[in-house]
Amino acid sequence: MNLQTDYLRTFIAVADTQSFTKTGRLINRSQSAVSMQIKRLEEEIGRPLFERIGKTARLTIDGKLLLSHARGIVQKHDEAVASLSSAQLEGIIRFGSPEHYTTGILPRLLAGFAAAFPDVLIEMHCAGSDIVQKGLDAGDLDLGLCTEINKQGRIIHHDHLVWTASPDFKVRKDSVLPLAVEDECIFQEWAVHALEQAGISYRIVYVSRGLSGILDAARAGLAIAPVIRRNLPSDLAILGSEHGLPMLPKSSIVLNTRTPPLPDHVNCFAEHIISTFKYTAG
């Protein structure tokens, strides 16, 4: 049995998106090419990996078993390639991202790359999407994670934006809703727009420069806050339509770059970011 890493990457993407069409857009291949790779992987294993229900692709029992190994196989492969290439790369990378996109992933993202490429120095700039994009446009940053896509951008992950609050927090219909938001963050705009469209009165009672501040405000029972689901701590609750709150949009994490061409060490870090989000952020 020979499990090709290209097929495993496609398999993981289909498992994450539950869609052959979405996977095609994600990895820049046609739906038929995605289907062919999955078919060949199933032929190699001798068992079906997905159950097709309408347009949804759900893992079979064997598919779930393979997924438990596939992420590790691909990650080890990428680490081996990076290690063998490390002596050839050196330079400085200026990388920007909002805190809410790198929380929980940043240590692994930076430490893993530094171990493989010790001669590459990464300068990390934590700021909102608008500021990161301005840095890219001005050539002050090489790579940046943003919510909006530019002409050099690529969507690398999706996550749901949710309302979060202390488990004891009560949403009262006849009172003004207290809101905690990040300063200069597009999630503030989305949250305010959703509340106004739903006719819900609100007041911004806490403004923070980063994610940790609004989570503390929610934890203290001071307000509710819009955060992406992946960043939700276990001691906070998700509030939804059952509490009278409107649904929030899905966030697209976009890897944007400065104007090409990019040097090899920057391109290598870009692929490392994509791989980290694809196999860790789900």
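Scroll up to find the structure this text is about.
Residues numbered from 1 in each chain as written. Predicted model: local features only at pLDDT ≥ 70, side-chain atom pairs only at ≥ 80, totals over all residues. Heavy atoms only, no water.

**Side note on the packing of aromatic side chains**
Tallying each qualifying case throughout the model produces 7 aromatic pairs. With a centroid separation of 4.6 Å and 35° between ring planes, the pair formed by Phe113 and Phe117 is classed as tilted. An identical accessibility class is assigned to Phe113 and Phe117; each is buried. Here the aromatic cluster, defined as three or more aromatic residues joined through ring pairs, consists of Phe95, Phe113, Phe117 and Phe269. (Phe/Tyr/Trp six-rings, centres within 6.5 Å; stacked < 30°, edge-to-face > 60°. Buried < 20%, exposed > 50% of the residue type's maximum accessible area, 1.4 Å probe, protein only.)

**Describing the pairing of strand E2 (residues 56-59)**
A regular strand places its side chains so that they alternate between the two faces of the sheet. Relative to E2, strand E1 (residues 50-53) runs antiparallel, the two sharing 4 bridges. From the neighbouring strand, Arg52 faces E2, where its bridge partner is Ala57. Adjacent in sequence and paired antiparallel, E1 and E2 are bridged by 2 residues, among which Gly54 carries a positive phi angle near 65°. (Pairing = 2+ DSSP bridges. Helix = DSSP H or I, 4+ residues; strand = E, 2+ residues; numbered from the N terminus.)

**Section: unusual backbone geometry**
Along the chain, Pro260 connects to Pro261 via a cis peptide bond; the corresponding omega equals 5°. Of note, the phi angle at Gln18 is positive, near 60°, even though the residue is not glycine. Inspection of the secondary structure assignment puts Gln18 in the loop between helix H1 (5-17) and helix H2 (20-27). Using a relative accessible area of 40% as the deciding quantity, one classes Gln18 as partly exposed. One non-glycine residue, Glu184, lies in positive phi territory at about 55°. A relative accessible area of 47% means that Glu184 is categorised as partly exposed.

**A closer look at the packing of H1 against helix H3 (residues 31-45)**
Contact pair H1 / H3: the axes reach a minimum separation of 9 Å and the direction vectors enclose 110°. With respect to each other, H1 and H3 are oriented roughly perpendicular. In the packing of H1 onto H3, the handedness of the crossing is left-handed. Packed against H1, whose contacting residues are Asp6, Tyr7, Leu8, Thr10, Phe11 and Val14, the element H3 presents Val34, Gln37, Ile38, Arg40 and Leu41 at the interface. For the contact of H1 with H3, the class distribution of residues is 7 nonpolar, 2 polar and 2 charged. (Axes fitted to C-alpha atoms, helices over the stretch in contact; angles between N-to-C directions. Parallel < 35°, antiparallel > 145°, perpendicular 65-115°, else oblique. Left-handed = near helix turned anticlockwise from the far one by under 90°. Contact = heavy atoms within 4.5 Å. Nonpolar A, V, L, I, M, F, W, Y, C, P; charged D, E, K, R; others polar.)

**With respect to the pairing of strand E11 (residues 250-257)**
With 7 of 8 residues buried, E11 lies mostly within the body of the structure. Summarising the sheet, strand E5 (residues 143-146) and E11 pair through 4 bridges and their orientation is antiparallel. Each residue of the ladder has a partner; that of Cys146, found in E11, is Val254.

**What about empty space enclosed by the protein?**
Per the counting criterion, the structure on display carries 1 cavity of 30 Å³ or more. Each pocket or cavity is described by its volume, and for the largest cavity that value is around 30 Å³. For the lining of the largest cavity, the residue count by class is 2 nonpolar, 1 polar and 3 charged. (1 Å grid on protein atoms, 1.4 Å probe; cavity = no way out; pocket = protein on both sides within 12 Å on 5 of 7 lines; lining within 4 Å. Points joined across faces, edges and corners; volume = space filled by probe spheres on them.)

**What to know about helix H8 (residues 186-197)**
With 12 residues, H8 extends 17 Å between its outermost C-alpha atoms, agreeing within 8% with the 16 Å of an ideal straight helix rising 1.5 Å per residue. Looking only at H8, the buried set comprises Ile186, Phe187, Trp190, Ala191, Val192, Ala194 and Leu195. One or two positions beyond H8, positive phi appears at Gly199, with a value near 75°. (Expected span 1.5 Å × (residues − 1).)

**Some remarks on the pattern of salt bridges**
When their charged atoms lie close together, side chains carrying opposite charge are able to pair. Under the definition given, this model contains 9 salt bridges. Asp142 is the partner of Arg94 in a salt bridge, and the nearest nitrogen-oxygen pair spans 2.9 Å. Highlighted residues: Arg94 in strand E3 (residues 91-97) and Asp142 in the loop between helix H7 (129-138) and E5, separated in sequence by 48 residues. Accessibility expressed as a relative area gives 24% for Arg94, which makes it partly exposed. Across the salt bridge formed by Arg219 and Asp216, the nearest N and O atoms sit 2.9 Å from each other. (Salt bridge = Lys/Arg side-chain N within 4 Å of Asp/Glu carboxyl O.)

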